[in-house]
Amino acid sequence: MQEVPLEFVQAEPHDIAHIIGMLETQYPVCIALQEEFHKHAIAVALDNGQHLLYQGGLCNYMYFIRKGALMGYTTHSGKEITTYISVENEFVSSLSGLYGQQPSREAIVAIEPTLVLGVHTDILQGWYQRFFDLNFIIRQVYEHYYRDAQERSHIVRIGNAKERYLYFVSTKPGYIDRLPLNYIASFLDMKLETLLRIRKQEQDQQQEPEAQDVAGEIDRFVEASECFKEKTLKVQSLAAHLGIPPYKLSRVLNTYYNKNFSDYINDYRIAYIKAKLNDADFLQSYTMEALALQAGFASRSAFYKAFKKIEGISPRTYIAIHRNDI
């Protein structure tokens, strides 16, 4: 396959501001580092099917998907094997080829029109020496990356084809309807025909009136019990309260709300926090962190990340916008 050279351009300020906002869900980014991002961040627009990195190439950038979707794959015995699929607001790179030290074991290709931002790893190395905040943030990014890698390994190694499908749709809501099914089939280590058959079976089941009843039952229980305040609440424990299998609960949430369990519960937590923020007296008695813990978040960073994901702005910005209404 003939390699198509990438066209790097200076990243737009609003795109850089977006990535800084994402990073600040983990830890505040100092002004000096923000200025560095605006100075050095590049952007690459990819057509569907265009490679960001070829297998055997050297990876000299850490990338962030601003919009679109990328797939990592490796070729073995003439067969392309999907190793991961990532969409907007996720970081991607080749760990095996990172910093340009050795050839990458996998390729990265766009599976829909995609815009990525990037910073050269030479620049990153210098930033690591100068900015503690970046070291902390990148540690969080890598931890998330490795959790995803472990999850991908779990998907393809544990359970039969149907169980892998159900695990995928519950942990990656919306992917099955958005992305090419042949890539998803490869990711789940099954034939396309198998994926299509399982998907049809599940869609037929989800049309049953019982599924709608379960959705209402879930909502009523969560609202009445306020179980979302439990920091250790898991899909298994909520399913046990409702007397249904965990996979069925996840499937209903994915079908009716296009959300996984964590996002569904966080919606309730953020709604609870927003209601408290509208009470001026309450704000004088509680810090933002204390309110987040009361709502069920396990940490400040988890709260800020969820708030930004749901509301599109930080809690501080939300308060500033609505202060005149309180």
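Every value quoted in this text rests on a predicted model; they were computed, and no experiment measured them.

Engineer: Can you walk me through the overall build of the protein in this structure?
Structural biologist: Check the secondary structure of the protein and you find 16 helices and 7 strands. Its C-alpha atoms give the protein a radius of gyration of 22 Å, near enough to 20 Å, the size a compact globule of 326 residues would have. With respect to the three principal axes, the spread of C-alpha positions in the protein is 60 × 55 × 25 Å. Counting only residues that meet the buried cut, the protein has 47% of its 326 residues in that class. The long-range fraction of contacts in the protein, counting pairs at least 24 apart against all pairs at least 6 apart in sequence, stands at 69%. Surface summary for the protein: the accessible area is close to 16900 Å², and the carbon and sulfur share equals 50%. Mean positive and mean negative side-chain charge positions of the protein (34 and 39 charges, respectively) differ by 4 Å.

Engineer: What is the right way to read the side chain of Glu-112 from this model?
Structural biologist: In this fold, Glu-112 is placed in strand β7 (residues 107-120). Looking at Glu-112, its side chain comes within polar contact range of the side chain of Arg-178, at 2.5 Å. Discounting residues that sit within four places of it in the chain, Glu-112 has contacts with Leu-46, Asn-48, Gly-68, Ala-69, Arg-178 and Leu-179.

Engineer: Mind showing me how you'd approach the nonpolar core here?
Structural biologist: Across soluble globular proteins, you tend to see nonpolar side chains buried next to one another. Among the nonpolar cores identified, the biggest contains 34 residues, and Ile-218, Val-222, Leu-238, Leu-249, Phe-261, Ile-273 and Phe-303 are the most heavily contacted of them. Every element with two or more residues in this core is listed here: α9 (209-225), α10 (235-242), α11 (246-257), α12 (261-277), α14 (288-295), α15 (300-311) and α16 (315-322). In terms of residues, this core owes the most to one element, α12, which gives 8 residues. Beyond its immediate sequence surroundings of up to four residues, Phe-261 is in contact with Leu-233, Lys-234, Val-235, Leu-238, Leu-249 and Leu-253.

Engineer: I'm lost on α11 in this one. Help?
Structural biologist: Each α-helix turn comprises 3.6 residues. Residues three or four places apart therefore point the same way. Compared with an ideal rise of 1.5 Å per residue, which puts 12 residues at 16 Å, α11 spans 16 Å between its outermost C-alpha atoms and is within 8% of the ideal. For α11, every residue scored as buried is listed here: Lys-248, Leu-249, Ser-250, Arg-251, Val-252, Leu-253 and Asn-254. Backbone geometry just after α11 places Asn-258 at a positive phi near 55°.

Engineer: Can you help me understand the packing of helix α1 (residues 13-23) against helix α2 (residues 31-40) in this one?
Structural biologist: Axes are the key here: two packed helices are described by the angle between their axes and the distance separating the axes. At a minimum axis separation of 10 Å, α1 and α2 run at an interaxial angle of 140°. The orientation of α1 relative to α2 falls into the category oblique. Of the two possible hands of crossing, α1 and α2 adopt the one that is right-handed. Of the residues in α2, those touching α1 at Pro-13, Ile-16, Ile-20 and Leu-23 are Gln-34, Phe-37 and His-38. Class assignment of the residues belonging to the contact of α1 with α2 gives a composition of 5 nonpolar, 2 polar and no charged.

Engineer: What am I meant to see in the pairing of β7 here?
Structural biologist: Within a regular strand, the side chains alternate between the two sheet faces. Of all 14 residues that make up β7, 12 are buried, and the element is covered over most of its length. Two strands pair when backbone bridges link them, and strand β2 (residues 42-46) and β7 are joined in this way by 5 bridges, in the antiparallel orientation. Residue pairing in the sheet places Ala-45 in a bridge with Leu-115 of β7. By the bridge criterion, 2 bridges tie strand β3 (residues 51-53) to β7 in an arrangement that is antiparallel. Following the sheet pairing, His-51 is matched in β7 by Val-109. The pairing of strand β4 (residues 61-76) with β7 spans 11 bridges and is antiparallel.

Engineer: Is there a simple way to think about the packing of aromatic side chains in this case?
Structural biologist: What describes a pair of aromatic rings is the distance from one ring centre to the other and the angle between the planes of the rings. The final tally for this structure, using the stated rule, is 17 aromatic pairs. Seen in terms of ring centroids, Tyr-27 and Phe-136 are 4.9 Å apart; in terms of plane orientation they differ by 45°. Their pairing is tilted. With Tyr-27 in the loop between α1 and α2 and Phe-136 in helix α4 (residues 132-157), the pair connects residues that are 109 residues apart, well separated along the chain. Take Tyr-27: its relative accessible area is 30%, and that puts it in the partly exposed class.

Definitions and cut-offs
- Residues numbered from 1 in each chain as written.
- Predicted model: local features only at pLDDT ≥ 70, side-chain atom pairs only at ≥ 80, totals over all residues.
- Heavy atoms only, no water.
- Helix = DSSP H or I, 4+ residues; strand = E, 2+ residues; numbered from the N terminus.
- Rg over C-alpha atoms; globule rule 2.2 N^0.38 Å.
- Buried < 20%, exposed > 50% of the residue type's maximum accessible area, 1.4 Å probe, protein only.
- Contact = heavy atoms within 4.5 Å.
- Areas by Shrake-Rupley, 256 points an atom, 1.4 Å probe, with all protein chains shown as cover.
- Lys, Arg positive; Asp, Glu negative; His and termini not counted.
- Charge placed at Lys NZ, Arg CZ, Asp CG, Glu CD.
- Polar contact = N/O pair within 3.5 Å; in protein donor to acceptor, adjacent residues only side chain to side chain.
- Core = buried A, V, L, I, M, F, W, Y, C linked by side-chain atoms within 4.5 Å.
- Expected span 1.5 Å × (residues − 1).
- Axes fitted to C-alpha atoms, helices over the stretch in contact; angles between N-to-C directions.
- Parallel < 35°, antiparallel > 145°, perpendicular 65-115°, else oblique.
- Left-handed = near helix turned anticlockwise from the far one by under 90°.
- Nonpolar A, V, L, I, M, F, W, Y, C, P; charged D, E, K, R; others polar.
- Pairing = 2+ DSSP bridges.
- Phe/Tyr/Trp six-rings, centres within 6.5 Å; stacked < 30°, edge-to-face > 60°.

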